[in-house]
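Secondary and tertiary structure notes
One letter stands for each residue in the lines below.
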Amino acid sequence: MRTTTSYLSSDHITNPNTFIKILVISFLSLSLFFAVKHFSSDTTVPQQLSLPFYFTTNATKSVDSAVNFTANSSPPPTAVSTPPPVHLKPEDVVERTGIVDENGVMTDNFVIGDYDSSLVENAANESAVERGDDTDHNWGEIGQFRVCDESKREYIPCLDNVDVVSRLNSTEKGEKYERHCPSKDGELDCLVPNPKGYKDHIPWPKSRDEVWYDNVPHTRLVEDKGGQNWISRNKDKFIFPGGGTQFIHGANQYLDQISKMVPDIDFGQHVRVALDVGCGVASFGAFLLDRNVTTLSIAPKDVHENQIQFALERGVPAMVAVFATHRLLYPSQAFDLVHCSRCRINWTRDDGILLLEVNRMLRAGGYFVWAAQPVYKHENVLQEQWKEMENLTGRICWELIAKEGYIAIWRKPQNNTCYLARNLDVQPPLCDTNDDPDNVWYVPLNACITRLPENGYGANVTTWPARLHHPPDRLQSIKMDAFLSRKDIYKAESKYWKDITFSYVNVFRWKTLNVRNVMDMRARYGGFAAALHDHGVDCWVMNVVPVSDTNTLPVIYDRGLIGVVHDWCEPFDTYPRTYDILNAAELFSKEQKRCNISTIMLEMNRILRPNGHVYIRDANAVIYKLEEIAKAMGWMTHVFDNGEGPNAGAKLLTCEKRL
């Protein structure tokens, strides 16, 4: 009988030669496997495929564990980002070289200048800032922050600097109501306290008509203006009947009268963004919201110092601002309508310098509504004031299109034709051609007429709501370098934020939160605010364009939104406890080389309402430092991974300031 030898017999296994062969073959197999895996891997991920911060909507999990929901969007291209690499076959490569001009179009018509070695160093420094390197020195010492004393309860740092105001050479033009920020030694280093008995604010729209007394415990306006239907007190609440000094029978009746006087005003269509000067408790703007008009209500912190605080507590867009000696912080052609009802401003003083500031901010073809005693009273002094107003408005080419009762309405011209047709000796003159009407940060007023763009930019915006998403013509005038066309950047940012906010609204349940007043601290083109509107979040957004960024604020206003220029190295001009949500995307990696980051966080705490939320998207190194500061302020924090996973270079920090 034949016997078969098994290769798995103990003799073969124990044979030294066989064992060595098996070992060598195994080693070669593993080496080949890892070599193939290494060279077949492509670690390059196109930017278009990167995901935002993502979450899961599993009902059995809390929001804290919701980290797997994909919003399927990518960060928008920015003006300074290098385009993602594209792998092309040799036959697909276009043999063309050149540069991209200001409109995003390639051109070969350029001149090569001298080499500047400093550009390389500057580029490296900017890159380090965006990465959030650990070499930053503006974070300050991080320890548990103390609560400020009771005197800081209503504190607005740049408007309550008593020491500086007391040393001003002159205050007759309103200088004491302008910004005078404290020195670095006097910066806020504590947590502003709440009023005793403070409660979570009444939800909108109920808050339009009533707010808690304990949240704004000031009765001066009730005593001074109660008879004019501004405000009254009923037990533990303030009540707002909707009246004003010139419209004691209610804002709606007043708005109806304006619409009948000039039907072309067409609230909510032609007029979308308005400015209410000397707004009182902002009933004019509060009732315009029902007509699809966003009104920014402004007033100084004067004898009626809490009027803006009442407006904000009601949930109406407002901020502290004054017509004095500097430009207001809004761009040229920002507002479709400017309103002044007994606003106590002498528009004709100093060659009409204050009305010329209105003219700068008023859109071409826009309206100025003036309700005041000189319009309808016949005393000699008041009639003299009316004649001065008629004379001034005529010289700056405004057309008086309606005058009825106590209301007069003017319209600004559509172009420069009237200005250029004036006699050379007519005052005020046109501003210099090199004057930038959108440069507003600490820029003194000048008694000259702001020129309108010859190309019609700013005058030809579409009607609401189409203008929210239609790329405006002024997008082409923004001073920026771009690898992509401006319209592509604009549209990409809108899509990006629409996807991101979809996650925010659904996972963090924003519609169930008591959200009304929102700020975007680095707004760019206003995509975040537009997305909240699209998702039906019933709020308003203050879009802040930092001075360290490209000034995109004109585009934001052309979209039918509101905003302001600001330097985050300084405090913001609003009361404590203003906003329900603060959104900050890549703000701190941008500002950490310029500003004290702990000071910015303390300012955010000052302007954030109790039970408010903060959403910060930034580089990893920045996020973890910010989380440490947030915890030192007593905020509840959570860090979420980027959609690309835990090893991505950026994360989302969410914070809650609990009451």
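Model, not experiment: these values are computed from the prediction. (Residues numbered from 1 in each chain as written. Predicted model: local features only at pLDDT ≥ 70, side-chain atom pairs only at ≥ 80, totals over all residues. Heavy atoms only, no water.)

**A look at the environment of cysteine 418**
Our working rule: A run of DSSP states H or I qualifies as a helix once it reaches four residues; a run of E qualifies as a strand once it reaches two. Both are numbered from the N-terminal end.
Secondary-structure assignment places cysteine 418 in helix α12 (residues 417-421). In this structure, the C-alpha to C-alpha distance between cysteine 418 and cysteine 397, residues 21 residues apart in sequence, is 6.2 Å.

**Quick word on the pattern of salt bridges**
Selection criterion: Each reported salt bridge corresponds to a side-chain nitrogen of Lys or Arg within 4 Å of a carboxyl oxygen of Asp or Glu. Only protein chains enter the calculation, and the probe is 1.4 Å; a residue is then buried if its accessible area is under 20% of its type maximum, exposed if over 50%, and partly exposed in between.
Applying the stated criterion across every chain, the model contains 38 salt bridges. Its salt-bridge partner being glutamate 210, residue lysine 237 comes within 2.9 Å of it at the nearest N-O pair. Of this pair, lysine 237 sits in strand β5 (residues 237-239) while glutamate 210 sits in strand β3 (residues 210-212), and the two are 27 residues apart along the sequence. In this structure, glutamate 399 and arginine 411 form a salt bridge, with 3.4 Å as the shortest nitrogen-oxygen distance. Highlighted residues: glutamate 399 in strand β11 (residues 399-404) and arginine 411 in strand β12 (residues 407-411), separated in sequence by 12 residues. Under the relative-accessibility criterion, glutamate 399 is labelled partly exposed at 43%. Each of Asp336, Arg363, Arg467, Arg474 and Asp558 takes part in salt bridges that share partners, so that together they form one network.

**Notes on the state of the cysteines**
Going by this rule: By convention in this document, the label disulfide applies to cysteine sulfur atom pairs within 2.5 Å.
Under the definition given, this model contains six disulfides. What pairs with cysteine 158 in a disulfide is cysteine 181, and their sulfur atoms sit 2.0 Å apart. On the sign convention where negative means left-handed, the S-S torsion of about 105° between cysteine 158 and cysteine 181 marks this disulfide as right-handed. Within this pair, whereas cysteine 158 is found in the loop between α3 (117-131) and α4 (162-166), its partner cysteine 181 is found in the loop between α4 and β3, the two being separated by 23 residues in sequence. Cysteine 158 gets classed as buried once you look at its relative accessible area, which sits at 1%. For cysteine 181, a relative accessible area of 21% corresponds to the partly exposed category. Bridging cysteine 569 to cysteine 595, the disulfide has an S-S length of 1.9 Å. With the S-S bond torsion at -75°, the cross-link from cysteine 569 to cysteine 595 turns out left-handed. Here cysteine 595 lies in the loop between α16 (588-591) and α17 (597-607) and cysteine 569 lies in the loop between β15 (562-566) and β16 (579-585), a separation of 26 residues in the sequence. Taking only the cysteines that form disulfides and numbering them from first to last, the protein chain has the pattern 1-4, 2-3, 5-6, 7-8, 9-10, 11-12.

Keep in mind that these numbers describe shape and distance, not what the molecule does.
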